[in-house]
Amino acid sequence: MQLRIHRGTKEIGGTCIEVEAQGKRIALDVGLPLDAPDDQDAHGDLLPAVPGFRERNDTLLGVLISHPHMDHYGLARHIRPEVPIWIGEEAHNILEAASRYVPNGHAFTTPRFIANRKPAEIGPFRVTPFLVDHSAFDAYALLIEADGKRVFYSGDFRGHGRKRKLFEAMLRNPPGDIDVLLMEGTTVGRTGLGEGPATEDDLERSFVQAFKETKGLHFVWTSSQNIDRLVTIFRAAKRTGRVLLIDLYTAVLLRATGRDSIPQSAWSDVRLYIPHRQRVFIKKKNLFDDLRQHSVNRVFPKALPGLAERAVMLFRPMAMTDTGIQAVLDGAAFTYSMWTGYLKQEGSRRVLQWLEGHGIPCQTIHTSGHASVADLERFAAALAPQALVPIHSFETDRFRDFFKNVVQRDDGEWWEA
């Protein structure tokens, strides 16, 4: 079995790995680089040079998507539609639901589904997915077997989220005889991790305190696709006697998980509020069927003044121009709950200016979707690979400071497993 990393040996995001055995090939992820230009038309030029992506090549058997984050699937739209795509079913459902609401959203038309610990035979390859703890819903690591070799691709993972039991279970009973471990190292080189990352339970306690200290409406800005974080916020709201206000996009994504254990728009502690700009969008895109499915607990602008003091609202920038929300800003507070690097973007700066203009205090409550260095060390020790190949990190040169059997590779380099 041979491998080639097209992108990822010296950067976070844009991951794409090609695997070959017996003259057949598969690709693991085909992500959009983090530094990709905003011009969507230019993204096709970033597609890795994998034979079969652009032109017909029957030796390419398909692409496996580890999880539904743009830096792992974002270039898949540029692959020939005849190329089979494997992805988790719930991950696909979320992407399909989101595609109706986000600019240039993309969902796969006829995906094939992978499932936790259920091997799939793809030509000479035997692929076993392992569900992992990550900020993306339905995320997998992948064990690839062929030619008597075993390659384990970690995908993105962590050990401090709401599914951390999966991480601990992997450490107790890891797949054995791993020849190559392709391991992400997003947090390698980051500072401030000496005491370990905050867990989602830690965040829940912080949100509880923040909600208790807020006299009026409390905004939380987070990704609606970070289902773990939505659960954390809902639980904190419920503990403080507040209802959770969500928009239609969030309601549709929560439904797409297919889990009745995850907050839904029909729950008694959840309300649907649709800002004006989203109402215009619903009309333009003819999304009235979605609206009908989620309107049982809908509230309108005139109801917000009586609700604000006992509500948490998931914030979206469109809220800044909504007259209903503008009327309930007295006593409001704001929590940012995403990667702080996004705050440097122009859209985020406009939000911060809006908060300052209205005198709304802002704080950050967040934890990473990626494993700490300490957890990466535990993971690498448990799998004990013959070779550990660093990926998904800007600091791959530092892996030898923390891990054994490190073998660095370059983008575009073929090597034998």
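One can find the structure itself at the top, above this paragraph.
Quick look at the structure, then. (Residues numbered from 1 in each chain as written. Predicted model: local features only at pLDDT ≥ 70, side-chain atom pairs only at ≥ 80, totals over all residues. Heavy atoms only, no water.)

**With respect to the sheet that holds strand 2 (residues 16-21)**
Right, on to step 1. Spatially, 6-5-4-3-2-1-19 is the arrangement adopted by the 7 strands of the open sheet, whose pairing is mixed. Only two strands of the sheet have a single neighbouring strand rather than two, namely strand 6 (112-114) and strand 19 (414-416). Strand-to-strand, the axes of this sheet are offset by a mean angle of 25°, without reference to chain direction.
Right, on to step 2. Sheet topology note: the strand 1 (residues 2-7)/strand 2 ladder contains 5 bridges and is antiparallel. In the strand pairing of strand 2, R4 is matched with E18.
Right, on to step 3. Its contacts with the sheet put helix 2 (residues 89-98) on strand 5 (85-88) and strand 6, and the angle it makes with strand 5 is roughly 95°. (Pairing = 2+ DSSP bridges. Helix = DSSP H or I, 4+ residues; strand = E, 2+ residues; numbered from the N terminus. Axes fitted to C-alpha atoms, helices over the stretch in contact; angles between N-to-C directions. Contact = heavy atoms within 4.5 Å.)

**Concerning the pairing of strand 10 (residues 149-153)**
Right, on to step 1. As judged from the 5 bridges shared by strand 9 (residues 139-146) and strand 10, these two strands associate in the antiparallel manner. Bridging across to strand 10, A146 finds its partner in K149.
Right, on to step 2. Between strand 9 and strand 10, which follow one another and run antiparallel, lie 2 residues, and D147 among them has a positive phi close to 55°.
Right, on to step 3. Of the strand pairs in this sheet, strand 10 and strand 11 (residues 180-184) are connected by 3 bridges, and their pairing is parallel. What sits directly across from V151, in strand 11, is V180.
Right, on to step 4. The parallel pair strand 10 and strand 11 is bridged by helix 3 (residues 164-172), and the resulting crossover is right-handed. (Right-handed = clockwise from strand over helix to strand, strands pointing away.)

**A few points about the sheet that holds strand 18 (residues 387-391)**
Right, on to step 1. Pairing is mixed in the open sheet, where 6 strands are placed in the order 7-8-9-10-11-18. Two strands bound the open sheet, and with one partner strand each, they are strand 7 (120-122) and strand 18. Neighbour-to-neighbour, the strand axes of this sheet turn through a mean angle of 20°, independent of strand direction.
Right, on to step 2. Here 3 bridges tie strand 7 to strand 8 (residues 125-132), and the two strands are oriented antiparallel to one another.

**Regarding unusual backbone geometry**
Right, on to step 1. Even without being a glycine, D29 presents a positive backbone phi close to 65°.
Right, on to step 2. Tracing the backbone through its elements, the reader meets D29 in the loop between strand 3 (24-28) and strand 4 (60-64).
Right, on to step 3. A relative accessible area of 0% places D29 in the buried class.
Right, on to step 4. Its identity is not glycine, yet D147 carries a phi of approximately 55°, on the positive side.
Right, on to step 5. Take D147: it is sitting in the loop between strand 9 and strand 10. (Buried < 20%, exposed > 50% of the residue type's maximum accessible area, 1.4 Å probe, protein only.)

Interpretation in functional terms is not warranted from these geometric data alone.
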